[in-house]
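This is what each chain is made of:
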Amino acid sequence: MRHDEMIGKVQALAQLPDRGTAERAAHAVVTTLSERLPSGLARHVAAQLPPDMADAMRRAADAGAVGAHGSGTSGERFGLTAFAGRIADRAGTDEDTAIREAAAVLEVLDAALAPELTERMAGALPADIRELLPVGRASEGREAGR
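Residues numbered from 1 in each chain as written. Predicted model: local features only at pLDDT ≥ 70, side-chain atom pairs only at ≥ 80, totals over all residues. Heavy atoms only, no water.

### Observations regarding the overall build of the protein chain
Next, step 1: When its secondary structure is counted, the protein chain shows nine helices and zero strands.
Next, step 2: In the protein chain, the succession of helices and strands from N to C terminus is α-α-α-α-α-α-α-α-α.
Next, step 3: Looking at the protein chain as a whole, 47% of its 146 residues are labelled buried.
Next, step 4: Counted over contacts in the protein chain with a minimum sequence separation of 6, partners at least 24 positions apart contribute 64%.
Next, step 5: A total of about 6800 Å² of accessible surface is found on the protein chain, and carbon and sulfur atoms cover 50% of it. (Helix = DSSP H or I, 4+ residues; strand = E, 2+ residues; numbered from the N terminus. Buried < 20%, exposed > 50% of the residue type's maximum accessible area, 1.4 Å probe, protein only. Contact = heavy atoms within 4.5 Å. Areas by Shrake-Rupley, 256 points an atom, 1.4 Å probe, with all protein chains shown as cover.)

Put into structure tokens, the structure is as follows:
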């Protein structure tokens with residue numbers, strides 16, 4: 001999926017007023033998601049994204065790997081409250097809006113990524129964040145016992 005198409009879908013799904021707001025939301029969510037995912041998985045996700053979104057995800061994944069002594073194996077451990085707070089800080093919005101924007105971005109990512117990669121991503125997230133994924137993916141992750 002191309003960058004312009006992704007941003008347009010985020011704008012429509014989150015009912016955002018303009019593309020700039022959608023761009024900020026998408027980058028805030030992708031960066032925060034990258035901090036939460038194992039860095040190797042974040043890099044795999046980044047490989048399927050448009051270049052500027054991929055760069056944001058890789059930078060966060062690389063920073064996380066350095067912070068974890070270069071192991072690159074596990075993302076930071078935080079739940080929905082911290083996830084929403086980080087997105088809100090980055091996007092310049094409140095936490096309720098950040099959750100709505102995160103759900104929109106995750107839906108667009110679900111459509112853009114290979115299904116097995118989205119499933120791996122869902123499996124790496126805690127249940128409260130996984131709830132933001134499109135209904136089908138969220139229920140698949142629960143059924144898998146994650």
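### Comments concerning the environment of Gln11
Next, step 1: Topologically, Gln11 is positioned in helix H1 (residues 3-14).
Next, step 2: The class for Gln11 is buried, based on a relative accessible area of 18%.
Next, step 3: C-alpha separation for the pair Gln11 and Thr21, spaced 10 residues apart in sequence, amounts to 7.7 Å.
Next, step 4: Setting aside chain neighbours within four positions, we find Gln11 in contact with Leu16, Pro17, Asp18, Arg19 and Ala22.

### Remarks on H1
Next, step 1: Look at H1: 16 Å from first C-alpha to last across 12 residues, which is about the 16 Å you get at 1.5 Å a residue.
Next, step 2: Buried residues of H1: His3, Met6, Ile7, Val10, Gln11 and Ala14, and no others. Around the axis of H1, the buried residues are gathered within 135° of arc, so they sit on the same side.
Next, step 3: Positive backbone phi, at 55°, marks Gln15, one or two positions downstream of H1. (Expected span 1.5 Å × (residues − 1). Arc of directions from axis to C-beta.)

### What about the nonpolar core?
Next, step 1: In this structure, Leu33, Leu49, Met57 and Met121 are the most contacted members of the largest nonpolar core, which totals 44 residues.
Next, step 2: Every element with two or more residues in this core is listed here: H1, helix H2 (19-36), helix H3 (39-46), helix H4 (51-67), helix H5 (80-91), helix H6 (95-112) and helix H7 (115-124).
Next, step 3: In terms of residues, this core owes the most to one element, H6, which gives eight residues. (Core = buried A, V, L, I, M, F, W, Y, C linked by side-chain atoms within 4.5 Å.)

### Looking at the pattern of salt bridges
Next, step 1: If you walk through the whole model with that rule in mind, you get seven salt bridges.
Next, step 2: With its nearest N and O atoms 3.6 Å apart, the salt bridge here joins Arg19 to Asp4. Of this pair, Arg19 sits in helix H2 while Asp4 is found in helix H1, placing the two residues 15 residues apart along the sequence.
Next, step 3: Given the relative accessible area of 37%, Arg19 is considered partly exposed.
Next, step 4: Ionic contacts of the salt-bridge type, sharing partners, join the residues Glu35, Glu76, Arg86 and Arg90 into one network. (Salt bridge = Lys/Arg side-chain N within 4 Å of Asp/Glu carboxyl O.)

### Considerations on the environment of Leu33
Next, step 1: Inspection of the secondary structure assignment puts Leu33 in helix H2.
Next, step 2: Between the C-alpha atom of Leu33 and that of Phe83, which follows or precedes it by 50 residues, the distance is 7.9 Å.

### Concerning the confidence of the model for the protein chain
Next, step 1: In the predicted model, the protein chain carries a mean pLDDT of 87, and the fraction of residues at 70 or more is 84%.
Next, step 2: The spread of mean pLDDT over the elements of the protein chain runs between helix H9 (residues 135-143), the lowest at 51, and H5, the highest at 97.
Next, step 3: Between residues 68-72, whose pLDDT stays under 50, and residues either more than four places distant or in other chains, the model counts five contacts. (pLDDT = per-residue confidence, 0-100.)

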